[in-house]
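Chains, contacts and geometry: an overview
So the chains spell out like this:
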Amino acid sequence: KVNPYYRECANIDEVLMFIEEIKHKRDTLPYEIDGIVIKVNDITKHELLGFTAKSPKWAIAYKFPAEEVITYIRSISFQVGRTGQVTPVANLDPVIVQGSTISRATLHNEDFVKDKDIRVNDAVVIRKAGDIIPEVVRVVFERRNGSEKPFEMIKYCPVCNAPLERKEGEAGVYCLNATCDAKKVETIIHFTSRKAMNIDGLGERIIEQLYQDKIIQSIPDLYRLSKHRMELKMREGFGEKSVQNLLDSIEASKKQPLEKLLFGLGIRHVGEKVSKVLAAIYHDIDSLIAATEEELVKIDEIGPIIARSIIRYFNDEKHRQMITELKNLGLNMT
């Protein structure tokens, strides 16, 4: 089916007029929209115009300004990511933004909070960044009444209590404890994500529960879950079929190509694109492990910071043991 709200435009002025028209109709539509897709209306020109790594050059998404709403910050908590970065999070009076209820928003890092002078009990303007991730835009200073409490960055990890460290030249504060439970859980969550190994049926909450119950303590443990079939079936939300679907998805993930595995490992500074570049050049994980920093920096897309991060990751004996374990469990390494 073709959406009825489309128009063929002869020039850019007509496109801009159409954007304004849809902006005014936006709130009357029976569904949420965040913008308009503008396309070249000639399929023969699509191949000529080509693609970037992620998107076509013959189409572009025009995004409407994000809806902004005022609410109050009631507390600031801290969460630990897979790299160990500790991020402050605003806990908000729940408010509806673009059709969904928002009660938490990232505050990014200590500098972000201090630059905007964000305090507990402040009235703040929030929006969904890219219409997805809730973020605090600014403080409504005229609503301050004296009950606001200035922000203080914590000095110890909220999960393992290890001292936090701020690296020179970086805004982030990190927990450096390699055995921090929060880091281990986030690493497993990232590995199973859609853009990595794409394991269906393992949401964040389930992974957290399985970690707490000592069923999954590491990435290789995912591939031993079949030994815990009975325990899984006894959990809320799991029946025979959903357990089987999960185990099938885990088994299927073993066939994912090397680029997905590299991205899933969560090597610092190695995103989707760099993972593809490395897989295309080295073809198998053993060749990549054997690569030197001098070789890596000669590759387009890879500078000295990424190269050092890759070398550091594979020089860690625990990481090498894990990769050997994953090989023995039958994961594709090419």
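Above this note sits the structure.
Please read all numbers here as calculations on a predicted model, not as lab measurements.

1. A few points about the pairing of strand 7 (residues 133–139)
By the criterion of burial, strand 7 is predominantly enclosed, with 5 of the 7 residues buried. When strand 6 (residues 123–129) meets strand 7, the two strands line up antiparallel, connected through 6 bridges. Bridge pairing links Arg127 to Glu135 in strand 7.

2. Concerning the layout of surface pockets
In this model, the largest pocket occupies a volume close to 1200 Å³. Along the walls of the largest pocket sit 33 residues, with Arg82, Lys183, Tyr313, Asp316 and His319 positioned nearest its centre. Those elements that provide at least two residues to the lining of the largest pocket are strand 9 (173–175), helix 4 (181–192), helix 12 (304–315) and helix 13 (317–328). Residue composition of the lining of the largest pocket, by class: 12 nonpolar, 10 polar and 11 charged. In this structure, the second largest pocket spans a volume of roughly 760 Å³. Taken together, 27 residues form the lining of the second largest pocket, with Tyr6, Arg7, Ile36, Val37 and Ile38 sitting closest to its centre. Looking at the lining of the second largest pocket, the elements with two or more residues in it are helix 1 (12–25), strand 1 (35–39) and helix 2 (43–49). Residues belonging to the lining of the second largest pocket are distributed by class as follows: 18 nonpolar, 5 polar and 4 charged.

3. Overview of helix 7 (residues 240–253)
Its 14 residues place the ends of helix 7 20 Å apart at the C-alpha level, agreeing with the 20 Å of an ideal helix rising 1.5 Å per residue. Looking at helix 7, one finds that the buried residues are Val243, Leu246, Leu247, Ser249, Ile250 and Ser253. Summarising the axial view, the buried residues of helix 7 lie within an arc of 155 degrees, below the 170-degree limit, and thus occupy one face. On its buried side, helix 7 packs onto helix 6 (229–233).

4. Topic: the environment of Ala280
Assignment of secondary structure puts Ala280 in helix 9 (residues 272–282). Along the primary structure Ala280 and Leu258 are separated by 22 residues, whereas in three dimensions their C-alpha atoms are 9.0 Å apart.

5. What about the nonpolar core?
Core analysis: the biggest nonpolar cluster contains 50 residues, and Leu261, Leu278, Ile285, Leu296 and Phe314 have the highest contact counts within it. Of all the elements in the fold, those that place two or more residues in this core are helix 4, helix 5 (204–212), helix 7, helix 8 (258–265), helix 9, helix 10 (285–290), helix 12 and helix 13. Every residue in contact with Phe314, bar those within four places of it in the chain, is listed here: Leu262, Ile267, Ile285, Leu288, Ile289, Arg320 and Ile323. With 29 residues, the next largest nonpolar core counts Ile73, Ile102, Ile118 and Ala182 among its residues.

Parameters at a glance
Residues numbered from 1 in each chain as written. Predicted model: local features only at pLDDT ≥ 70, side-chain atom pairs only at ≥ 80, totals over all residues. Heavy atoms only, no water. Buried < 20%, exposed > 50% of the residue type's maximum accessible area, 1.4 Å probe, protein only. Helix = DSSP H or I, 4+ residues; strand = E, 2+ residues; numbered from the N terminus. Pairing = 2+ DSSP bridges. 1 Å grid on protein atoms, 1.4 Å probe; cavity = no way out; pocket = protein on both sides within 12 Å on 5 of 7 lines; lining within 4 Å. Points joined across faces, edges and corners; volume = space filled by probe spheres on them. Nonpolar A, V, L, I, M, F, W, Y, C, P; charged D, E, K, R; others polar. Expected span 1.5 Å × (residues − 1). Arc of directions from axis to C-beta. Contact = heavy atoms within 4.5 Å. Core = buried A, V, L, I, M, F, W, Y, C linked by side-chain atoms within 4.5 Å.

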